[in-house]
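# Coordinate inspection notes
Residues per chain are reported as follows:
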Amino acid sequence: MTTAEVSDDDFQEILAQTRHFVRSAVVPREQEILREDRVPDDLREQAKDMGLFGYAIPQEWGGLGLDLAQDVELAMELGYTSLALRSMFGTNNGIAGQVLVGYGTDEQKSTWLEGIASGDVVASFALTEPGAGSNPSGLRTKATLDGSDWIINGQKQYITNAPTADLFVTFARSRPADDNGAGIAVFLVPADTPGVQVGTKDKKMGQEGAWTADVNFTDVRVPAAALVGGSEDIGYRAAMTSLARGRVHIAALAVGTAQRALDESVAHAATATQGGTPIGGFQLVQAMLAEQQTGVLAGRAMVRDTARQWLTGQDRRIAPSAAKLFCTEMVGKVADLAVQIHGGSGYMRGVPVERIYRDVRLLRLYEGTSEIQKLIIGGGLVKAASKAAKR
Ligand SMILES: Cc1cc2nc3c(=O)[nH]c(=O)nc-3n(C[C@H](O)[C@H](O)[C@H](O)COP(=O)(O)OP(=O)(O)OC[C@H]3O[C@@H](n4cnc5c(N)ncnc54)[C@H](O)[C@@H]3O)c2cc1C
């Protein structure tokens, strides 16, 4: 079991401040975020000052140093409002930042991590390509050696925070897959490197204020020092580990959003009337609330247990996928019920559950679709059983 860098008392303080920030500063501005399709600069600055760009980066590198058990508690608070808020610093703490934390050389860490932790640097995780999403081992972006430099060519899509990124944590094939591994390396590519071109912002279904775009790499030259961990064989493993950790966080985020959808539903059911009767008095409405509440409680217990198992090292593969699968499907159902409880008003722009319904749809798609989580869980169980049978 790893020991937490942050004491429980200090963490409770961080959690309380985050909860206060989310509920008193961000929730009242959800409509503005939606309308303007951006997180206002003053909220970004407040998040920066609170250390939220680096909550999961070790203190040694300027972050708050939360462990995964603390991370999920924070994520449940962040999920309570527009998911664009979390997305703004999600890649720094999560998929991009954790590649550096887990696999970077000391030199790479000291060059980049302090900026990432403070929010002065926005890091994006550039793995997905057309035709290589669920199966990243099929990626075609190429890295070729030229003297001691690497030349990168390829195309990435749907890259979160690409329009504001300073650094792309970029996955590229340096050799064909062979018995020694997937042949995928990962490079630190500053966004202003000649040949890096970020496309226009994608128009998405939801999560207004969270931006994604294509990123094209044309003869992008980076030095040997840009190869993460100084080894070509690290990329695939780094991507898989970073994504597995990220899945626990996404599961917790889903629980936070489900709690919000439930709170909105209860408030509506208690006050809205039909024929003079509060709709919350109808048992079929109560049944919907009961289903929502049960999902939230089950999800919360699951993410806490999964984070614990991650920290002890007991399970860093099946449990994260199971938590992501359950919690993201759960919030989809809870959001759907929330719209149902709101009746026609639930379909109207400006009503929080309408935003939530669209925001949470993404959670079942990225960082591994629900189908991919099922393959990881089922495949992992069978593999473990066959191994045991051979012993
Ligand atoms: C808003 C947004 C933000 C994103 N941010 C990032 C980011 O920052 N960095 C990044 O690298 N990527 C990012 N992604 C990409 C995301 O991770 C992929 O879209 C996702 O993994 C699915 O890949 P795909 O889109 O290629 O779909 P596909 O893989 O083509 O999936 C299509 C369907 O086929 C199913 N399927 C695929 N393979 C199998 C299989 N073997 N067995 C059964 N079913 C299968 C899928 O489950 C799905 O239902 C983002 C995507 C979105 C939409």
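About the cut-offs
Residues numbered from 1 in each chain as written. Predicted model: local features only at pLDDT ≥ 70, side-chain atom pairs only at ≥ 80, totals over all residues. Heavy atoms only, no water. UniProt positions renumbered as here; feature names shortened; annotations may be inferred. Core = buried A, V, L, I, M, F, W, Y, C linked by side-chain atoms within 4.5 Å. Buried < 20%, exposed > 50% of the residue type's maximum accessible area, 1.4 Å probe, protein only. Helix = DSSP H or I, 4+ residues; strand = E, 2+ residues; numbered from the N terminus. Contact = heavy atoms within 4.5 Å. Polar contact = N/O pair within 3.5 Å; in protein donor to acceptor, adjacent residues only side chain to side chain. Pairing = 2+ DSSP bridges. Domains from an automatic or database assignment. Buried area = accessible area lost by both parts, 1.4 Å probe. Salt bridge = Lys/Arg side-chain N within 4 Å of Asp/Glu carboxyl O. Nonpolar A, V, L, I, M, F, W, Y, C, P; charged D, E, K, R; others polar.

Under an unreviewed UniProt entry, the name given to the protein is Acyl-CoA dehydrogenase, and the organism recorded is Mycolicibacterium iranicum. Per its UniProt entry, the protein bears the Catalytic activity (unreviewed entry) comment "a 2,3-saturated acyl-CoA + A = a 2,3-dehydroacyl-CoA + AH2".

## Comments concerning the nonpolar core
Counting 60 residues, the largest nonpolar core has Phe21, Tyr55, Leu74, Leu78, Leu85, Phe89 and Leu363 as its most contacted members. Listing elements by their share of this core, those giving two or more residues are helix H1 (8-26), helix H3 (41-49), helix H4 (68-78), helix H5 (83-93), helix H8 (235-271), helix H9 (283-312), helix H10 (318-342) and helix H11 (352-359). If one sorts the elements of this core by residue count, H8 sits on top with eleven residues. If we skip the residues at most four places from it in the chain, leucine 363 touches Leu83, Gln207, Ile250, Leu253, Ala254, Lys324, Thr328 and Val331. Within the second largest apolar cluster, 30 residues are counted, among which are Phe125, Ala132, Ile184 and Ala238.

## Describing the side chain of glutamate 129
Counting through the fold element by element, glutamate 129 comes out in the loop between strand E1 (123-126) and strand E2 (142-146). Engagement of the side chain of glutamate 129 in a polar contact is seen with the side chain of threonine 141, the distance being 2.6 Å. For glutamate 129, the residues in contact, after removing those within four places along its chain, are Leu139, Arg140, Thr141, Gln155, Lys156, Gln157 and Phe171.

## Quick look at the pairing of strand E3 (residues 149-160)
Here five bridges tie E2 to E3, and the two strands are oriented antiparallel to one another. Each residue of the ladder has a partner; that of aspartate 146, found in E3, is aspartate 149. The hairpin formed by E2 and E3 contains two residues between the paired strands, and glycine 147 there has a positive phi angle of roughly 65 degrees. Pairing analysis gives eight bridges linking E3 to strand E7 (residues 212-222), with the strands arranged antiparallel. The partner of tryptophan 150 across the bridge, within E7, is valine 222.

## Observations regarding the domain arrangement of the protein
Each assigned domain of the protein is listed with its residue range as follows: domain 1 (8-118), domain 2 (123-231) and domain 3 (236-390). At the junction of the two partners, domain 2 supplies twelve residues and domain 3 supplies twelve residues. A per-residue breakdown of the area domain 2 buries against domain 3 is headed by Ser134, Met205 and Gln207, which together make up 41% of the total. Linking domain 2 with domain 3 are one salt bridge, by the criterion used here. Between arginine 358 and glutamate 208 there is a salt bridge, with its nearest N and O atoms 2.7 Å apart. In this assembly, domain 2 and domain 3 are joined by three residue pairs in polar contact (both at pLDDT 80 or more). Grouping the constituent residues of the side of domain 2 that touches domain 3 by class yields seven nonpolar, four polar and one charged.

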